[in-house]
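Examining the three-dimensional arrangement
In case you want the letters, here they are:
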Amino acid sequence: MRSVDVARTALGNTFRSKLRTALTVVAIVIGSFTLTLTSGLGAGVNKYVDTVVAGFGGSSQMFVMSTGASDAEPTDGPAEYDPEAAASTGGMFGPGSGGGVLTDSDIEEIEQIENVSSVDPMVFVSPDFIETPDGAQYDMELDVPANALGLELEAGEAPGEDGMELSIPADWLTIFDTEDAEQVIGETVEIGISNVTGEQSTVEAEIVGVSEEALSGIGATPMPSRELNQQLNDLSMEGYEGQAQNAYTMAVVDVENIEANEQGVKDALIDQDLLGLTVEDQIGAVQGVIDAVSWVLSGFGLIALLAASFGIVNTLLMSVQERTREIGLMKALGMSSGKVFGLFSMEAVVIGILGSVIGVVLGLGAGLVGNAWLTGEGGPLGAVAGLTLFAVDPLAIAGITALIVFIAFLAGTLPAARAAKKDPIEALRYE
Amino acid sequence: MSTPVLETENLVKVYGKGATRFDALKGLTFEIHEGESVAIVGKSGSGKSTLMHLLALLDEPTSGVVALGGEPVTALKPKKVSQLRNDTFGFVFQQFFLNPNQTVLENITLPLKIAGMGKSERNRRGMEVLEQLDMADKAKNKATNLSGGQKQRACIARALVNKPTVLFADEPTGNLDTVTSEIVEDILFGLHRDHGITLVVVTHDEDLAAKCQRRLMMQDGEIVTEEHGATGVHA
Ligand SMILES: Nc1ncnc2c1ncn2[C@@H]1O[C@H](COP(=O)(O)OP(=O)(O)OP(=O)(O)O)[C@@H](O)[C@H]1O
Ligand SMILES: [Mg+2]
C-alpha cells in the first residue's frame, strides 16, 4: 500500500464515525488550546520584558547593595551596635536588598575592586510635596536616578546627570489640567523636603519628560536628575549634628568589559558582604518567574493532553474492535502487519493533527484578541506602555503541534498493535 | 501432466491443547495442478475451510508442508507470504466482507491498493473487471445498496482484479438462491475455462461440485475419496 493511500484511507476512516472523532478531537483541542495560550502568554510577557531590558541598553552597570549585617555573628539577644553596619529598611531595587545600607567605607572598598571603573553611590530621598505653578501641593515619592535607564517616555526626555530636572508619570498630567504630555515639558515645579530637624525647604525643578508606567514599576513615580536628587539629599541632611555618616541605598558601579568580569566583580563584592546585580540579573529574575508561571499553566495543558490521549486510545480500540473483519480482510488480501499498524497509527495522527490545528488556531485567536482587548486603547492594562501579553512564537507553535501529534501517535500504538496482531482467519470468523 | 501449482504433504492441523485438542486435519497429501478446477466437499465440520485456509496461506499447519509452484512456503517470512497471497491468489469468502461505506469500485480495487498500485491504474483495472461481470453500472454505488447476487459478483470481481493464478472460493453460492447461484457458477467456470484460472471451490452444493474436474471428499479431517471428471453440465 502506498503511503499516500495509507494517509487517504486513514483520513477517510477518521471521518467514518464523525461524532466519536469529534469528541476525541475536542479533548485534544482543549489541551492544544491551553498550551498555545500559555506559551503565547509566556512569550508575550517575556518579549515585553526583553524590550524593557533593551531599554537599559547593553549596560556595563552593576547595582551594588549591602547584604545586611553580616559582620555581626548570630547572637542570642540583641546584637551589639555597629555604626559601620548601619541598618536601614533597605533599597527598593531587586531581591536580596533587605539588608543594610552602603557606607562611605563600603564605597571605598568597591572602588578598590579590579575592573571597577567608577562607583556612583545613590541615595533615596523622600520629599514632602511637589508644588505646581498654580500653588497646589501634592504628596510625592521619588524614584532613584539610576532607574532612569528603564524609563519609557511618552514625551520629552529622561532627566539627565546635571540640571535640576525631573520626569513625571503620565497620570500626573491631571494636576496640570492637561491631557497633552508635550504641554507640561518645561514647566517648573517646587519640591519641598524636611531636614533632620524638621525644617522644610524647597527647590525648583524643571519637568523634562513624561513617563509611562513600565512593568517594572519604573515611570510610575517622578524621577529626579542626579543633581536634583543630590540637592534634595543635601537639604535633608542639613542640621545633622556631629560626624555625618553618609548612608547610601545602593551604588551604581561601572564595570569594564562586564561580560568577562561580571563574575569576578560579583565575587569580590561578596567578600565585602555586598551584593552586585546587573540589569540582566534583575530582569532575569522576573523572567524566571514568568517562565515558571507559564510552565505551571502549560502543565495543565499537558494534563489535558494526557487525558485526551486516553480518549484516542479508547476511540481507536473501539474502532479496531468494530473493524475486526475489515482488518482480517485486508490481511487476507495481503496487507502486511506493518502496514495495518501504520494505517491505525496514521488514524491517531490524523486525530492529533486535527485536534492540534484547531486548538492552536483557537488559542492564537483567543490570545491575540485577548491581548488586543486587554492592552489596547482603553483596555484594563492599556496604561502600561508597550505591554504585550501574548506573542506568536512560530517555533513554540510548531513544537506544540509536533508534541501533540507525537502524543497522538503514541496513544495510537496500542490499538494499532492490536490491529496488526489480528489473525486474518480469526478476524474473518469474527461475528 | 502440468506442474502442480499447489501441493501438500502430510498436512496436519490441530486446534487446542490437552482435553480440548481437536485434530481438524489428519495428514493430507495431494496436488492441485495449474488450470484445474477442484471442489472440496464434505459434511459441515469435516475440515474444508481449514484446508482451504492452509492452501491459501492464510493459516499455518501444525505440521506438514504446503508448496506453491514446487516451493515450500512454511519457511517464508510473513511479509513474503502476504505478498504471495496478494499476487497470486484471489479469494471469494463465504460471507461478502464488503465495506459498506465504500463504493463498489473502491471495494473491488482493495487488493490493488494493498499491492501499492496508483489510483488511476487501479480504477482502470477495476472497471475492466466490473465490465467483465456486467457490473460496470454499479461501480459508483455504495456496496450496501447491492442485491445479494450483485454483492457476490462484486466479491468475485475483487478476487479477480489482481489477475490471480489461483482462485479460492469458500461456499460461493452458500447464501444465494438457485437462479443467482447458477449465474455465479457460470461466471466462475467461465473464468476457469477462458482465462485458465486454477479454481479451488469449497462447497457442500452437489451441483457446483459436480461441475469441477476433480472432487476431494472430506470426512473428519481426512480425504476419503477423490473423484475425477466433471459429472455435471460443464458451462
Ligand atoms: N480456531 C479453532 N479452534 C478450535 N476448533 C476449530 C477452530 N477452527 C475450526 N475448528 C474446528 O475444526 C473443525 C473443522 O472446521 P472447518 O471450519 O474447517 O469446517 P468446515 O468443513 O468448513 O465446515 P462448514 O461446512 O460448516 O463450513 C470444526 O470441528 C471446527 O469446530
Ligand atoms: Mg467452512
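Refer to the structure printed above.
Residues numbered from 1 in each chain as written. Chains lettered and ligands numbered in written order. Predicted model: local features only at pLDDT ≥ 70, side-chain atom pairs only at ≥ 80, totals over all residues. Heavy atoms only, no water.

A word on the overall build of chain A
Counting its secondary structure elements, chain A contains eleven helices and 13 strands. Counting every position in chain A, which comprises 431 residues, the buried fraction comes to 46%. Just so you have it, chain A exposes about 20,500 Å², and 57% of that area is on carbon and sulfur atoms. (Helix = DSSP H or I, 4+ residues; strand = E, 2+ residues; numbered from the N terminus. Buried < 20%, exposed > 50% of the residue type's maximum accessible area, 1.4 Å probe, protein only. Areas by Shrake-Rupley, 256 points an atom, 1.4 Å probe, with all protein chains shown as cover.)

Here we look at the site of ligand 1
Taken together, 13 residues lie near ligand 1, and S44(B), G45(B), K48(B), S49(B) and T50(B) sit nearest. Positioned at a junction of chains, ligand 1 has nearby residues supplied by chains A and B. A distance of 3.3 Å is found between an oxygen atom of ligand 1 and a backbone nitrogen or oxygen belonging to S46(B). In the model, an oxygen atom of ligand 1 is placed 3.0 Å from a nitrogen or oxygen of the G47(B) main chain. Protein burial of ligand 1: of its 640 Å² of free accessible surface, 67% is covered by the chains. Elements supplying a minimum of two residues to the shell around ligand 1: β2 (22–33) and α1 (48–55) of chain B. Take the shell around ligand 1: its biggest share by element is three residues, from α1(B). (Near = heavy atom within 4 Å. Polar contact = N/O pair within 3.5 Å; in protein donor to acceptor, adjacent residues only side chain to side chain.)

Notes on the interface of chain A and chain B
Contact residues are listed per partner, giving 22 residues for chain A and 26 residues for chain B. Each partner contributes to the roughly 2,100 Å² buried at the junction of chain A and chain B, and carbon and sulfur atoms together form 59% of this total. Taken as a group, L329(A), L333(A) and I425(A) account for 28% of the area that chain A buries against chain B, more than any other trio of residues on that side. For the pair chain A and chain B, the number of links is one salt bridge. (Contact = heavy atoms within 4.5 Å. Buried area = accessible area lost by both parts, 1.4 Å probe. Salt bridge = Lys/Arg side-chain N within 4 Å of Asp/Glu carboxyl O.)

Focus: a nonpolar patch on the surface
Residue and element names in this part refer to chain A. Together, L41, V289, V293, V296, L297, F300 and I303 make up an exposed nonpolar region whose accessible area comes to about 620 Å². Residue contributions to the nonpolar patch peak at six residues, all from helix α7 (residues 279–322). Position of F300 relative to the elements: it lies in helix α7. (Patch = residues over 30% accessible without salt bridge, like charges linked within 9 Å, V, L, I, M, F, W, Y side chains within 5 Å.)

Some remarks on the environment of V6(A)
Looking at the element boundaries, V6(A) is found in helix α1 (residues 3–14). Sequence spacing of V6(A) and F344(A) is 338 residues, and the spatial spacing of their C-alpha atoms is 9.1 Å.

Considerations on the environment of S356(A)
Residue and element names in this part refer to chain A. One can find S356 in helix α9 (residues 337–375). Classification of S356 by relative accessible area gives buried; the value is 0%. In this structure the C-alpha to C-alpha distance between S356 and I327, which are 29 residues apart in sequence, comes to 28 Å.

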